[in-house]
Structure formats: structure tokens, C-alpha cells
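What follows is the residue order along each chain.
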Amino acid sequence: MRPRLILGSASPRRKELLAQLGLVPDDIRAPDIDEDPRPGELPRPYCARMAREKVAAVPATADEVVLCADTTVALGRRILGKPADAGEAAAFLLKLSGRRHRVITAVAVKRGDRIWEREVETTVKVKALSDVEVNAYLASDEWRGKAGGYGIQGAFGAFIPWIQGSFTGVVGLPVAETAQLLQAAGVIVYGGAE
Ligand SMILES: Cc1cn([C@H]2C[C@H](O)[C@@H](COP(=O)(O)OP(=O)(O)OP(=O)(O)O)O2)c(=O)[nH]c1=O
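What counts as what
- Residues numbered from 1 in each chain as written.
- Predicted model: local features only at pLDDT ≥ 70, side-chain atom pairs only at ≥ 80, totals over all residues.
- Heavy atoms only, no water.
- Near = heavy atom within 4 Å.
- Polar contact = N/O pair within 3.5 Å; in protein donor to acceptor, adjacent residues only side chain to side chain.
- Areas by Shrake-Rupley, 256 points an atom, 1.4 Å probe, with all protein chains shown as cover.
- 1 Å grid on protein atoms, 1.4 Å probe; cavity = no way out; pocket = protein on both sides within 12 Å on 5 of 7 lines; lining within 4 Å.
- Sits in = over half its atoms within 2 Å of the grid points.
- Helix = DSSP H or I, 4+ residues; strand = E, 2+ residues; numbered from the N terminus.
- Nonpolar A, V, L, I, M, F, W, Y, C, P; charged D, E, K, R; others polar.
- Salt bridge = Lys/Arg side-chain N within 4 Å of Asp/Glu carboxyl O.
- Buried < 20%, exposed > 50% of the residue type's maximum accessible area, 1.4 Å probe, protein only.

**Regarding the site of the ligand**
Surrounding the ligand, one finds 20 residues, the nearest of these being Ser9, Ala10, Arg14, Lys54 and Lys82. For the ligand, an oxygen atom lies 2.7 Å from a polar atom in the backbone of Ile152. Compared with its free state, where it exposes 600 Å², the ligand has 94% of that area covered by protein. Structurally, the ligand is housed in the largest pocket. Those elements that place two or more of their residues in the shell around the ligand are helix H1 (12-20), strand S3 (64-75) and helix H5 (167-171). Ranked by residues supplied to the shell around the ligand, first place goes to S3 with 3 residues. When the residues that make up the shell around the ligand are grouped by side-chain class, the tally is 7 nonpolar, 6 polar and 7 charged.

**What about the pattern of salt bridges?**
Throughout the structure, instances matching the rule amount to 13 salt bridges. The partner of Glu121 in a salt bridge is Arg44, with the nearest N and O atoms 2.9 Å apart. Residue Glu121 is located in strand S6 (residues 114-125), and its partner Arg44 is located in helix H2 (residues 43-57); the two are separated by 77 residues in the primary sequence. Residue classification places Arg44 among the partly exposed residues on the basis of a relative accessible area of 33%. The salt bridge partner of Glu121 is Arg102, with a shortest N-O separation of 3.5 Å.

See below:
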């Protein structure tokens, strides 16, 4: 039987990226978990733990497939989360200015007591930002609710001359890897067999 697809995410980006795969979730159940990193926790294991905890926190029946993800911006060993306010967003942007950083998106898919997981890491280069550019970006409010305080899919794209990895992973859901995980869990994605 075709399983029901549950998107375990409040992120509008994730819903749109799922639509890019031709998939419309049967239900959306946003997870509510503690997103504080543990002392000394490194970005990649933190990100993977977040995705696992999100998928574990979403209630589902045995014939439902739940998809969750977490996007973490890493500057070396530091985790840059979602900025609490414009001041923190400004501090993040100044740290990212003129350097490369990593964006990790961990995806977790659950069906019954089975879990499929994948982490996708992308390197992102940000040009050296002027104060005028930082202030204009902060005024746009696009930084709100986004890891690292920016969205590559919006105006901030003007400041990113180069990436290596997965564009959709940076936005919040790496579509190629997600398609594979969903197919493994029995969801039919483009061209997949019933
Ligand atoms: C780096 C980057 C992040 N983001 C977003 C994607 C995620 O929504 C957000 C990171 O926060 P997450 O904790 O991954 O997700 P969320 O809290 O928005 O939603 P949920 O936990 O319910 O799934 O940052 C962009 O949209 N563009 C970008 O370029």
C-alpha cells in the first residue's frame, strides 16, 4: 500500500523543495524539540542529532512516512544557529564575510521503527561585505528564522559567488538525497516503481 507522507517541518522552504520532487505531503506535523547544542558539540554531529530528534518527536502510524531535516551553518567548529535578533544576525554576517563556511543539512526519514538518514555538506563562499550591504540585508528581514542569518535563495544570493555541494541542501532540503531516502522508505518519487 502507498504510504502517507508526513512532512515533519514548519519550514515553508522544505514544503516547496518537496513540491520540486512532485510530492505534496498528506499532513504537516512540526516537531518541537530543544535545539540547543550540547557543550562542545561539533556542527555535523549536532545537525544529525537534530534531524534524528525531530523525526523521533513527530507522532506517526506504522503506514506513515515522516520526513524531517535540519540545516546547520558551521564556521569551523562553531555552530551559527537562527539569530535571535538583528544584532546577532549582524554579528553572524560579519563573521561570514569574506570567507568560506559549511552548511550541513541532515535528513531523516522514518517508517514504523525504521529510520533512514543522510547528511549533505556544502561549502559556501561569501564575498567581503561592506557595512552598507550588511545593513541593507538586515533591513530586508530575510535573515529571520534562517540558520547563519541568511538565505541563499533570496537577496543574499548576490553575495555568494561560489558553492560546492548542494544548493537545495543549503536552502533546507537536498532534493536528490531526499528522493533516495523517500524511495528507500517506499514513497514513489518521479520514475520510481510502485
Ligand atoms: C543557510 C540557509 C538556511 N535556510 C533556512 C532553512 C531552515 O528553514 C532554517 C534552518 O533551521 P532548521 O532548524 O533547520 O529548520 P526550521 O526551524 O526552519 O524548521 P523545522 O525544524 O520545523 O523543519 O534556515 C534557508 O532558507 N536558506 C539558507 O541559505
